[in-house]
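# Architecture and fold: a report
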Amino acid sequence: MADFETLVLDITDGLATIRLNRPERLNALSDALKSELLAAIRQIAKPGSGARALLITGEGRAFCSGADLAEGGISADRDMGANLIATYHPILLELAALEMPVISAVNGVAAGAGMSIAISADIVIAARSAYFLQAFVNIGLVPDAGSTFLLPRLVGTARARAMMMLGERLPADKALDWGLVYDVVDDDKLMETAMALAQRLANGPTLALSGIRKLIADSHDNSYSEQLTLEAMEQRKAGRSADCIEGVMAFLEKRDARFKGA
Ligand code: LHQ
């Protein structure tokens with residue numbers, strides 16, 4: 001496995017774990033971290049990587065504070081749009097294209113593009129002390145890294161707009177109320193809870209889980225009838241999988257299924 005300096009990647013028992021590892025900068029996305037994050041995602045996506053689920057979290061007291069504001073200097077000449085396209089979009093798109101479930105364990109602040117990464121996961125679990133921050137407006141920027149796509153779909157336009165325009169902290173408990181996260185747990189239980197859930201998904205029927213991911217993502221743009229067709233296509237694939245045969249056999253034999261991810 002490649003060695004990384006700004007994150008830690010582990011793949012064990014089908015579960016890939018990425019820990020963003022610049023705790024002194026609250027895991028701000030430096031150029032090095034962005035390029036290592038992309039490399040890690042590519043490693044996980046490779047056939048034969050052994051990964052069947054991905055858990056993302058942060059080292060230290062933050063999940064991720066977004067773009068590294070100390071890097072690259074400040075000047076009106078900087079083309080932040082080009083920076084987004086070149087370095088952020090591949091990460092977000094390749095993360096979204098992973099054919100396995102993605103879980104984020106939000107251990108502390110998730111701000112700016114860090115919030116985008118957190119909420120792009122299929123299941124978001126947050127520590128009670130964590131919070132979400134659409135930090136962009138506080139520094140005179142518009143939300144990016146997928147925020148304007150993801151957030152209104154998750155919490156509705158009114159709440160998304162207010163979060164984006166006010167740049168206020170959204171505490172984990174309120175994020176749970178709003179449906180932005182799946183669960184909030186005590187800080188000292190976060191990793192145990194998130195790892196157990198992620199491991200359960202890593203042991204699951206990967207083709208079906210990946211199909212669910214695709215179906216939900218595509219449902220935003222599809223008509224009802226297009227979505228019914230897509231369900232039939234995905235079901236054709238899932239229905240022919242060894243995991244489906246195993247799942248039905250296990251049901252009939254009244255035992256737990258042993259899914260292999262194929
Ligand atoms: C940081 C950062 C940080 C560097 C904390 N950078 N050092 C992409 C690219 C292209 C175009 C533009 O858009 C984007 C996407 C984006 O993500 S834009 C949004 C960027 N992020 C922010 O604006 C958030 C900035 N950070 C904060 O507002 C605060 O640090 C939060 C609210 C996250 C946490 O506050 P505190 O808990 O009070 O911690 P702190 O502010 O004391 O931070 C601790 C250290 O981490 C501190 O360094 P120091 O040397 O004083 O200990 C901070 O400077 C550093 N740090 N975020 N994004």
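Moving on, we get to the pairing of strand 5 (residues 102-106). Within a regular strand, the side chains alternate between the two sheet faces. Most of strand 5 sits out of view: five of its five residues are buried. Of the pairings in the sheet, the one linking strand 3 (residues 53-58) to strand 5 comprises four bridges and is parallel in character. Its bridge partner being in strand 5, Leu55 is matched across the sheet by Ile103. Two strands pair when backbone bridges link them, and strand 5 and strand 7 (residues 123-127) are joined in this way by four bridges, in the parallel orientation. In the sheet register, Ser104 faces strand 7, and the bridge partner there is Val124.

Here we take up the domain arrangement of the protein chain. Each assigned domain of the protein chain is listed here: domain 1 (7-202) and domain 2 (206-252). Between the C-alpha centres of domain 1 and domain 2 the distance comes to 26 Å. Of the residues lining the interface, 13 residues belong to domain 1; the matching set on domain 2 comes to five residues. Across the interface of domain 1 and domain 2, roughly 750 Å² is buried in total on both sides, 48% from carbon and sulfur atoms. When residues of domain 1 are sorted by the area they lose upon contact with domain 2, Arg52, Glu99 and Arg153 head the list and together hold 44% of the total. Between the two partners, domain 1 and domain 2, sit one salt bridge. Here Arg213 and Asp122 are joined by a salt bridge, their closest N and O atoms 2.7 Å apart. Taken together, domain 1 and domain 2 are joined by six residue pairs in polar contact (both at pLDDT 80 or more). Elements with a minimum of two residues in the side of domain 1 that touches domain 2: helix 2 (80-96) and helix 4 (147-155). Grouping the constituent residues of the side of domain 1 that touches domain 2 by class yields nine nonpolar, no polar and four charged.

Our next topic: the packing of helix 4 against helix 5 (residues 157-166). Orientation of helix 4 relative to helix 5, taken along the N-to-C sense of each, is 135 degrees, at an axis distance of 7 Å. If you check the angle between helix 4 and helix 5, you find them oblique. The handedness of the crossing between helix 4 and helix 5 is right-handed. On helix 5, the residues touching Ser147, Thr148, Leu151, Pro152 and Val155 of helix 4 are Thr157, Arg159, Ala160, Met163 and Met164. Counted by class, the contact of helix 4 with helix 5 contains six nonpolar, three polar and one charged residues.

Rules of the game
- Residues numbered from 1 in each chain as written.
- Predicted model: local features only at pLDDT ≥ 70, side-chain atom pairs only at ≥ 80, totals over all residues.
- Heavy atoms only, no water.
- Buried < 20%, exposed > 50% of the residue type's maximum accessible area, 1.4 Å probe, protein only.
- Helix = DSSP H or I, 4+ residues; strand = E, 2+ residues; numbered from the N terminus.
- Pairing = 2+ DSSP bridges.
- Domains from an automatic or database assignment.
- Contact = heavy atoms within 4.5 Å.
- Buried area = accessible area lost by both parts, 1.4 Å probe.
- Salt bridge = Lys/Arg side-chain N within 4 Å of Asp/Glu carboxyl O.
- Polar contact = N/O pair within 3.5 Å; in protein donor to acceptor, adjacent residues only side chain to side chain.
- Nonpolar A, V, L, I, M, F, W, Y, C, P; charged D, E, K, R; others polar.
- Axes fitted to C-alpha atoms, helices over the stretch in contact; angles between N-to-C directions.
- Parallel < 35°, antiparallel > 145°, perpendicular 65-115°, else oblique.
- Left-handed = near helix turned anticlockwise from the far one by under 90°.

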